[in-house]
Amino acid sequence: MAFFPDVTRGDPFKPDALLSNNVRHIVNALNGFNAKPLMTTGGMIRIQVYNNSGSTIQAGTAVNFSESGTMCDDAVPAVPLKDLAKPWGVLVNTLEAKVLGSCILCGPASVKLSGSGDFAAPTTASPATFTRGAAGAPVIFAADGKGVILLGASAQDLYDGPFAMSYDAESKKLKIKAGYLNRNGEWKDVAAKEIAPSTGMVCVCNTLGSDGKWTEAEIKVSTPGQYAYPIGSCKVSGESVTCCSFRVPVAIFLVSDVCSTTN
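Residues numbered from 1 in each chain as written. Predicted model: local features only at pLDDT ≥ 70, side-chain atom pairs only at ≥ 80, totals over all residues. Heavy atoms only, no water.

A separate point is the sheet that holds strand β14 (residues 186-190). Here three strands make up an open sheet; going across it, the order is β14-β13-β20 and the pairing mixed. Two strands bound the open sheet, and with one partner strand each, they are β14 and β20 (250-253). Within the sheet, the average angular offset between the axes of one strand and its neighbour, ignoring direction, is 20°. Of the pairings in the sheet, the one linking strand β13 (residues 179-183) to β20 comprises four bridges and is parallel in character. Bridge pairing links R183 to F253 in β20. (Pairing = 2+ DSSP bridges. Helix = DSSP H or I, 4+ residues; strand = E, 2+ residues; numbered from the N terminus. Axes fitted to C-alpha atoms, helices over the stretch in contact; angles between N-to-C directions.)

Below is the structure:
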C-alpha cells in the first residue's frame, strides 16, 4: 500500500485513483469483503459468511456455520444459532438470504442485551438477544438494552467439582452436579439435581427423625441451618440468573441430642 502525505486546509482537491482504491479496500475488509477466509484486525478475528437461511438475519445475531451448505469462494454458510456446543460467531451486518457479510469469532461485538450480570450468552430460542448472567462472554459496556461483549475472552471463576452449579438458559433450570455428604460419620452420595431457579441459598437438606433415621438427602433453595448445608447461592433478576458454587466437596451434618437416663 502506498504512502500518502497529509493535506492542509486550502490545498486544491486532486482526485487520486490509487488513494481512492486503497481506502475502498480498507473499508471493504472491515466489512468482511476480504479475499482472505480468516482476517485479524487489532486482535479481532472475523470470517466471511453468507446467509444460508431463508430469511434476513439481523446484525448482532449469534450464528452457527451450516454443515448443509457449501462455501462460496471464501465465505462460510451461516444460519441463526441452533447449537451452542458448536462453533458460533456474531454477525456484523444485517444479511438478507444469500448475501455476504462479516462474522466476528473473537473480539468486541455489538449485541442486544437483556437482564443483568457481568457476562452474556445467546440461546437457540433467542439468538438475536444475549441474556446477561454468570456465564458467556464478558460484557464490557451496556446501556438501553444494547452493549458490547468480548467474544473469546472469559474472566469467569469456573468450578466443575462436587455440587458445581450452572444455569441452563435453554431449559431455564439450575443444574447442580452430584456430590457427597457425611452425616454423623455415614458417607452418602448425593445425586445431581435440576431445580427451578429462585433467589436464595442452595442447600443439601436432610433431617434426622425421632426414630433415629435420616430422610433422603435433597438439594433445594432453603435457609441454612442444622439440617440444611449451603453449597451455593442463586440470584434471579428478571430474565437473568446468576449462581455461585461454594466449592463444597462434602456436606457435613453432625447432630447430637441428650441421651435418655432411663435407657
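Okay, the environment of D74 next. The topology assignment puts D74 in the loop between β3 (62-65) and β4 (76-80). On the basis of relative accessibility, which here comes to 26%, the residue D74 falls in the partly exposed class. (Buried < 20%, exposed > 50% of the residue type's maximum accessible area, 1.4 Å probe, protein only.)

A few words now on the pairing of strand β9 (residues 137-143). When strand β7 (residues 119-121) meets β9, the two strands line up antiparallel, connected through two bridges. Bridging across to β9, F119 finds its partner in P138. Pairing of β9 with strand β10 (residues 146-151), which is carried by four bridges, proceeds in the antiparallel orientation. Residue pairing in the sheet places A142 in a bridge with G147 of β10.

Time to look at the sheet that holds strand β11 (residues 165-168). Sheet architecture is open: three strands sit in the order β11-β12-β15, paired in antiparallel fashion. Taken across any chain shown, the strands that pair with only one partner, and hence form the sheet edges, are β11 and β15 (193-195). Each strand of the sheet is rotated relative to its neighbour by a mean of 25°, with strand direction disregarded. Across three bridges, the pairing between strand β12 (residues 173-176) and β15 is antiparallel. Following the sheet pairing, K175 is matched in β15 by E194.

Further remarks concern the packing of aromatic side chains. In this structure the tally under the stated criterion is four aromatic pairs. Aromatic pair W88 and F130: ring centres 6.1 Å apart, planes at 50°, arrangement tilted. Taken as a pair, W88 in strand β5 (residues 88-91) and F130 in strand β8 (residues 129-133) lie far apart in primary sequence, 42 residues in all. Exposure remark for W88: the relative accessible area of 24% places this residue in the partly exposed category. The class for F130 is buried, based on a relative accessible area of 0%. These aromatic residues form a ring-pair network of at least three members: W214, Y227, Y229 and F253. (Phe/Tyr/Trp six-rings, centres within 6.5 Å; stacked < 30°, edge-to-face > 60°.)

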